[in-house]
Amino acid sequence: MQNSLLTSKTNEWNTPQDFYEMWNDRYNFTLDPCVTRENAKCSKFFTEEQDGLKQSWKDEIVFMNPPYGRQISKWIKKAHDESINNNAVVVCLIPARTDTSYWHDYIFDKANIIYLRGRLYFGNGKGPAPFPSAIVIFDNKMCRCTMCHKF
């Protein structure tokens, strides 16, 4: 198998606009914590220079499509912690890498998970992502059982 099929030259995957709008219609996002000025989805956002990991997300409704590199675990921990400690609702678009430590430490039994069927086409990509994706929702007030909360 070609190595290029399993890796990428970037860890930034721009959220498809129609996909974002579908979720924004449901949540009315107020913050995008890890973006560039060019790909920000919300009027309030944090760039790499502002470092969203160091900012408060208190009482925000957050859409987060974090960098998918080695730092992703820090973003997932931040989403988890902000939900619990600062009343943030955080909707994450992330790779469905369920074997990773951050999934076991911060997602399973702590968030609602929606596994996406098929593969997303990110940004201006000509083909689908080389990985499956999931929506992970951190909301301290939300029931996590699938009987009560269907998407």
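Predicted model, so just to flag it, every value in this text is computed and none were measured. (Residues numbered from 1 in each chain as written. Predicted model: local features only at pLDDT ≥ 70, side-chain atom pairs only at ≥ 80, totals over all residues. Heavy atoms only, no water.)

Asks: What should I look at first to understand the pattern of salt bridges in this one?
Replies: Once the charged atoms of two side chains with opposite charge are near each other, the side chains can pair. Enumeration according to the criterion identifies four salt bridges in this entry. Residue aspartate 81 pairs with lysine 77 through a salt bridge whose shortest N-O separation is 2.5 Å. Separated by four residues within a single helix, aspartate 81 and lysine 77 lie in helix α2 (residues 72–86), roughly one turn from each other. On the basis of relative accessibility, which here comes to 35%, the residue lysine 77 falls in the partly exposed class. A salt bridge links glutamate 82 to lysine 78; the nearest nitrogen and oxygen atoms lie 2.8 Å apart. In this pair, glutamate 82 and lysine 78 both sit in helix α2, four residues apart, roughly one turn of the helix. Taking relative accessible area as the criterion, glutamate 82 reaches 5% and is therefore assigned buried. (Salt bridge = Lys/Arg side-chain N within 4 Å of Asp/Glu carboxyl O. Helix = DSSP H or I, 4+ residues; strand = E, 2+ residues; numbered from the N terminus. Buried < 20%, exposed > 50% of the residue type's maximum accessible area, 1.4 Å probe, protein only.)

Asks: So what exactly am I meant to see when it comes to unusual backbone geometry here?
Replies: When glycine is set aside, most residues are seen to have a negative phi, and most peptide bonds are trans. A positive phi angle, near 55 degrees, is found at asparagine 28, a position not held by glycine. Mapping asparagine 28 onto the fold places it in the loop between α1 (17–27) and β1 (32–35). By relative accessible area, asparagine 28 is classed as exposed at 51%. The phi angle at aspartate 59 is positive, at roughly 60 degrees, despite the residue not being glycine.

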